[in-house]
Amino acid sequence: MERKKALIGLGVILAGVLFIKSCGEPYGEAEEVVTEFMEEIQEGEGKDAIKYLYPSYRDALAKDLKLPVQFTELKPSQVLSCVLSSMGENIEEVEVVRGKSLGDSVAEVVLKVEDENELDKVFRFILIKDSDDDWKIAGIEPFNPTVRGE
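Residues numbered from 1 in each chain as written. Predicted model: local features only at pLDDT ≥ 70, side-chain atom pairs only at ≥ 80, totals over all residues. Heavy atoms only, no water.

This brings us to the overall build of the chain. Along its length, the chain carries five helices and four strands. Tracing the chain from N to C terminus, the helices and strands come up as α-α-α-α-α-β-β-β-β. Counting the 150 residues in the chain, one finds 26% classified as buried. Put simply, the chain shows about 10,600 Å² of open surface, and 54% of that area lies on carbon and sulfur atoms. (Helix = DSSP H or I, 4+ residues; strand = E, 2+ residues; numbered from the N terminus. Buried < 20%, exposed > 50% of the residue type's maximum accessible area, 1.4 Å probe, protein only. Areas by Shrake-Rupley, 256 points an atom, 1.4 Å probe, with all protein chains shown as cover.)

Now the structure itself:
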């Protein structure tokens with residue numbers, strides 16, 4: 001009898017956890033993607049960081065890189081990987097400031113990055129869900145908040 005009560009109690013707890021998770025913030029997974037992307041950059045793992053970028057955004061970033069002639073035998077995504085790997089050397093701390101849903105498959109995550117000189121920079125990440133329902137980074141830009149007049 002005690003075992004049955006324990007199993008029922010465990011079932012109720014599990015159902016509660018699943019209910020809370022289903023009611024959680026729809027952009028929570030998008031925040032995780034941004035955090036994991038930044039962790040890969042901090043660890044110098046540009047090749048792994050690229051996996052979090054939406055393909056068209058990744059291609060646009062790679063295309064915008066101005067490459068010297070000696071790099072032409074590398075694929076643009078390989079050069080982007082090298083750039084991302086080197087970016088993390090000066091990052092000390094990363095903090096999600098906020099996230100918000102911009103629709104069913106679009107989210108915004110604002111991230112604060114502190115560098116080794118204790119300078120804070122704030123970035124706005126736009127994420128979209130791909131065909132596999134995975135969040136991918138589709139845009140990164142400096143965050144410039146708008147101030148509302150009274």
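Counting residues in each nonpolar core, the largest one holds 24 residues, and the members touching the most others are Phe-37, Met-38, Leu-84, Phe-125, Leu-127 and Ile-137. For this core, the secondary structure elements donating two or more residues are helix 2 (28-42), helix 4 (55-64), helix 5 (76-87), strand 2 (106-115), strand 3 (120-129) and strand 4 (135-142). The element that contributes the greatest number of residues to this core is helix 2, accounting for six residues. For Leu-84, the residues in contact, after removing those within four places along its chain, are Phe-37, Ile-41, Gly-46, Ala-49, Ile-50 and Leu-53. (Core = buried A, V, L, I, M, F, W, Y, C linked by side-chain atoms within 4.5 Å. Contact = heavy atoms within 4.5 Å.)

Moving on to the pairing of strand 4. The pairing of strand 3 with strand 4 spans seven bridges and is antiparallel. Across the sheet, the residue bridging to Lys-129 is Trp-135, located in strand 4. Where strand 3 hands over to strand 4, the hairpin turn is made up of five residues, of which Asp-133 adopts a positive phi near 70°. (Pairing = 2+ DSSP bridges.)

Within the structure shown, the criterion is met by seven salt bridges. Its salt-bridge partner being Lys-51, residue Asp-48 comes within 3.3 Å of it at the nearest N-O pair. Residue classification places Asp-48 among the partly exposed residues on the basis of a relative accessible area of 25%. The shortest N-O distance in the salt bridge between Asp-115 and Lys-121 comes to 3.3 Å. Classification of Asp-115 by relative accessible area gives buried; the value is 11%. Through salt bridges with shared partners, a single network forms among Arg-98, Glu-108, Arg-124 and Glu-141. (Salt bridge = Lys/Arg side-chain N within 4 Å of Asp/Glu carboxyl O.)

With respect to the helices and strands, the residue Ser-81 is situated in helix 5. The class for Ser-81 is buried, based on a relative accessible area of 11%. Not counting residues up to four positions away in its chain, the partners in contact with Ser-81 are Gly-46, Lys-47 and Ile-50.

We now examine the packing of aromatic side chains. For the coordinates displayed, the defined rule picks out one aromatic pair. For the ring pair Phe-37 and Phe-125, a centre distance of 6.3 Å and an interplane angle of 75° mean the geometry is edge-to-face. Taken together, the positions of Phe-37 in helix 2 and Phe-125 in strand 3 put the pair 88 residues apart, joining distant regions of the chain. On the basis of relative accessible area, Phe-37 is assigned to the buried category, the value being 3%. Relative accessible area serves as the criterion here: at 2%, Phe-125 is assigned to the buried category. (Phe/Tyr/Trp six-rings, centres within 6.5 Å; stacked < 30°, edge-to-face > 60°.)

Another point: the sheet that holds strand 2. Spatially, 1-2-3-4 is the arrangement adopted by the four strands of the open sheet, whose pairing is antiparallel. Edge positions in the sheet fall to strand 1 (91-103) and strand 4, since each has one partner strand and no second. Across the sheet, the mean angle from the axis of one strand to that of its neighbour is 25°, orientation sign disregarded. Running at roughly 155° to strand 1, helix 2 makes contact with strand 1, strand 2, strand 3 and strand 4 of the sheet. (Axes fitted to C-alpha atoms, helices over the stretch in contact; angles between N-to-C directions.)

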